[in-house]
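Below, each chain spelled out in residue letters.
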Amino acid sequence: MDQPKQFCTFFVADRFFGVDVTRVQEVIRYQEMTRVPLASAVISGLINLRGQIVTAIEMRARLGLPPRPSDQLPMNVVVRTSEGPVSLLVDEIGDVLEMDERSLERVPETMSADAKELVSGVHKLEGQLLLVLDTDRAVNVSGTISAQSHGVLS
Amino acid sequence: MSVADTEIIKEFLVESYENLDLLDREFVALEREPAARDRIAAVFRTIHTIKGTAGFLGLPRLEALAHAGESVLSLLRDGDIDLTPSTTSALLSMVDGVRAMLKCLEASGNEGNETYASVIEILKAICERPATSDAPAPLLGEILLKAGAVDPVDLDAAIEQQKDDPRKIGEILLARNSVKPEALVDALRAQTDAHAGVSDSSIRVDVGLLDKLMNLVGELVLARNQILQFGAQRKDAAFVSTSQRLNLITTELQAGVMRTRMQPIANVWNRLPRVVRDLSVACGKQVRLELEGKETELDRTIIEAIKDPLTHIVRNAIDHGIETSSVRLAAGKSATGVLHLRAFHEGGQVNIEISDDGGGIDPDKVRKKAVQNGLVTADRALHMGDRELLRFIFMPGFSTADRVSNLSGRGVGMDVVRTNIEKIGGTVEVQSQLGHGASIKIKIPLTLAIIPALIVSSRGERFAIPQVSLRELVRLEGDQIRTGVERIHGVPVYRLRGKLLPLVYLHEVLHLVAEAPAATINIVVVRADDRQFGLVVDAVSDTEEIVVKPLGKELKSLSTFAGATIMGDGRVALILDVLGIAQRANVVSEVRDRSLAENAQESRVSGEEKQALLLFRVCKDSRMAIPLSLVARLEEFPRERLERAGAHDVIQYRGEILRLIDLRAMLGRSPIGEDEASGDLLQVVVSSENGRSVGLIVHRILDIVEESVAMKHRTSLQGILGAAIIQGKVTDLLDVHAAIRQADPDFFNQHDAA
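Residues numbered from 1 in each chain as written. Chains lettered and ligands numbered in written order. Predicted model: local features only at pLDDT ≥ 70, side-chain atom pairs only at ≥ 80, totals over all residues. Heavy atoms only, no water.

A word on the sheet that holds strand 7 (residues 86-90) of chain A
All names here are of chain A. With mixed pairing, 5 strands are arranged side by side in an open sheet as 3-6-7-5-4. Each having just a single partner strand, strand 3 (24-28) and strand 4 (43-49) make up the two edges of the open sheet. Going from strand to strand, the sheet's axes swing by 30° on average, the running direction of each strand aside. Judged from the 4 bridges that link them, strand 5 (residues 52-58) and strand 7 form a sheet pairing that is parallel. Across the sheet, the residue bridging to Thr-55 is Val-86, located in strand 7. (Pairing = 2+ DSSP bridges. Helix = DSSP H or I, 4+ residues; strand = E, 2+ residues; numbered from the N terminus. Axes fitted to C-alpha atoms, helices over the stretch in contact; angles between N-to-C directions.)

Okay, here's the thing in structure tokens:
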């Protein structure tokens, strides 16, 4: 319980997120992607991860944030899920941070319901807040239409 | 229980399950040929092994049950008793008991509390005489004698000597110099082989390991494709020849690994003798099961997928197909019905045929039921051929059984069979001859893991179309692009050898937006669910062997894609699900009945009877036709004579009020512009039936022709029967009754009242 947790951190727009490092399979540079027609806008495409086909989820869209500038290529944070790896497309990768459970706080009640669904907690850092992403929920895009239209964090 | 014990029990379970499946089959086979000693010996050995292992593992109940069975079998083997159906039943219930205990052992680690005392009682009762001791292997002396390695006189002397000599017969013979040592060694080996069978030449491999190997080979195939593509760009001879070698080896390795996953269809069929026996006893019928092509091999995954459909078809055949003995005899057939299963490879596919010599499917019953269920109109059903009618049995909820048994007849079955078979890329069709039996033919692919596919592209995206759904490719260039594609109510069609082929633009279905279309039209003719349609793509590349990979669960809901694959350049391409595309594009929206109806139409005109037709235009660029028999007169009225009665346009005509229907408005066409309206004269087709008339306002009367009409394309539009080619042009056929009913729902009722 008191053991410090390690987080793989990344930026999506100006938000600072963290994912439990044990859930992260790898972080890779931008990969060429195959678009999936008719799929939810949250799904950016399919990438070939050494012979394995991995769905890439655009975190900006998932969080209801404006699209990334076209000159900026996203990074892949490949996380493990019960259904195999899924890639989260993020803007920039941060350091691996060690966090004490004591700095964790619950998501403020005032945050929208959708946002609370994806963020399981907030770590208070010096001059910055680290949003802990619930990867299971983030990759579950079956009900994402609402996330798109409402704009989870905006 | 220690780890070693668990391991032993696991092994014991695996082996026993396998053997028990074999037993079911052997028992039923024995019933047919009770004298087949080798079969009894095989069964005996299996039970003997189970008994021995159960004793060793300390499972007394299992041991007792197996022992009781063994005793009966031993008598059978020695010919002391004959195999009667009651004996078979007793032995089968013993097998069931053993199986139940093994299940319990697997689940809870012990053999359970059930003792199966009643089964043991019955088995004991069968053994009136005490069981003789077992001698599973043939005697060494007999083997030697057969091989001619020993003189009969010497052997007798040796046997005589054995009575006072504790040594084994072989040793005695050797000591007496009656046999050569080499001959003795051979004989001993033969004796052991009788025990061991073929088990020495094969090993058990974990299925998970095979699957992993298969995946790795899939990766290798992809890497190979990449290297080949890379090699083609370089002019390095050494590299090219090396990659060619790699190509060959990979192909061979792929075939080899595929074969390890192949299993003979006998693995599914093994359970059928038991199913057939139990069912025929339950139905009070006599059925003989014939299996042909047991060794036909299929991929493991496919074996799994066809297990249930196959059992279902067999059940149907016995429950509905094959008649009772008395009915059969009355019909001049043998008392025993024959259920024949045949499996064989053909054209890279596996064919399975299940035929019975029963009563067949009564097309009249199917017709009645189809009409009753509202699948087709009575009129249409009358014109349907038997083959078309038979396809109704694959419709959900369809059953011609007069009664519902606990076996079948509920009508939930053949549609599931069809769905399951189609899910693995197979097809199923039925043939029947009333009074002579029915036959169901299944075609399935050999494997699902690596499939040949055509690579196409649309708007810069690449897609793979599985070869199984492919029919042909058509390429339109230059002028053909404009003239080749015609439209019926906005729906593009192409004339493929005189038949209308609906076209589906892939980029439209998938909402692809990108660069302008290419200068050519490539039509990939595909088949989905009995319907053919043309998929229009921008470019067609090669066919390739692709490794099918499933999509993540985020994308599972997309019915348009069957999976994805990795191409030679390392990029991912989606595999199109042709059926899904067809549904999305509404080609098969009313999925099956439409194709049935269409077939009915085609079969109706197959007689080539010519029909007189009136051709006219409703608006500038549409040709329509109605049968001349429905036309009473053609009239021209000045527009100002038009009057209103209630909500309808009417005109005074021969002392009557003639109701007018504007086809243009009814069919939802834009009103004719002033310029193209034929002046102030209205063109009216007067149609009369039973003394009542109606006037159809058209744009222009064109011609009267006599042609055989082959309905090619059906539309969902009200008032239109479909389209046909008349005078070399696509022409819609007007459904006059529907048109009248749509314009005035009460028209026909008024007639009834009058």
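Structure shown, so let's carry the discussion forward.
Description of the interface of chain A and chain B
With 21 residues of chain A at the interface, the matching set in chain B holds 25 residues. Regarding the contact of chain A and chain B, the summed buried area is about 1900 Å², with carbon and sulfur atoms giving 63% of it. Sorting the residues of chain A by area buried against chain B places A:Pro37, A:Leu38 and A:Ile53 first, and these three jointly supply 32% of that buried surface. One can count 2 salt bridges joining chain A with chain B. When the shortest N-O distance is used, the salt bridge between A:Arg35 and B:Glu461 registers 3.1 Å. For the interface between chain A and chain B, the tally reads 4 residue pairs in polar contact (both at pLDDT 80 or more). Only strand 4 and strand 5 of chain A provide two or more residues apiece to the side of chain A that touches chain B. Looking at side-chain class alone, the side of chain A that touches chain B contains 12 nonpolar, 5 polar and 4 charged residues. (Contact = heavy atoms within 4.5 Å. Buried area = accessible area lost by both parts, 1.4 Å probe. Salt bridge = Lys/Arg side-chain N within 4 Å of Asp/Glu carboxyl O. Polar contact = N/O pair within 3.5 Å; in protein donor to acceptor, adjacent residues only side chain to side chain. Nonpolar A, V, L, I, M, F, W, Y, C, P; charged D, E, K, R; others polar.)

With respect to a nonpolar patch on the surface
A contiguous nonpolar surface patch, about 300 Å² in accessible area, is contributed by B:Ile203, B:Val205 and B:Leu209. Mapped onto the elements of the fold, B:Ile203 is located in the loop between helix 9 (181-196) and helix 10 (207-233). (Patch = residues over 30% accessible without salt bridge, like charges linked within 9 Å, V, L, I, M, F, W, Y side chains within 5 Å. Areas by Shrake-Rupley, 256 points an atom, 1.4 Å probe, with all protein chains shown as cover.)

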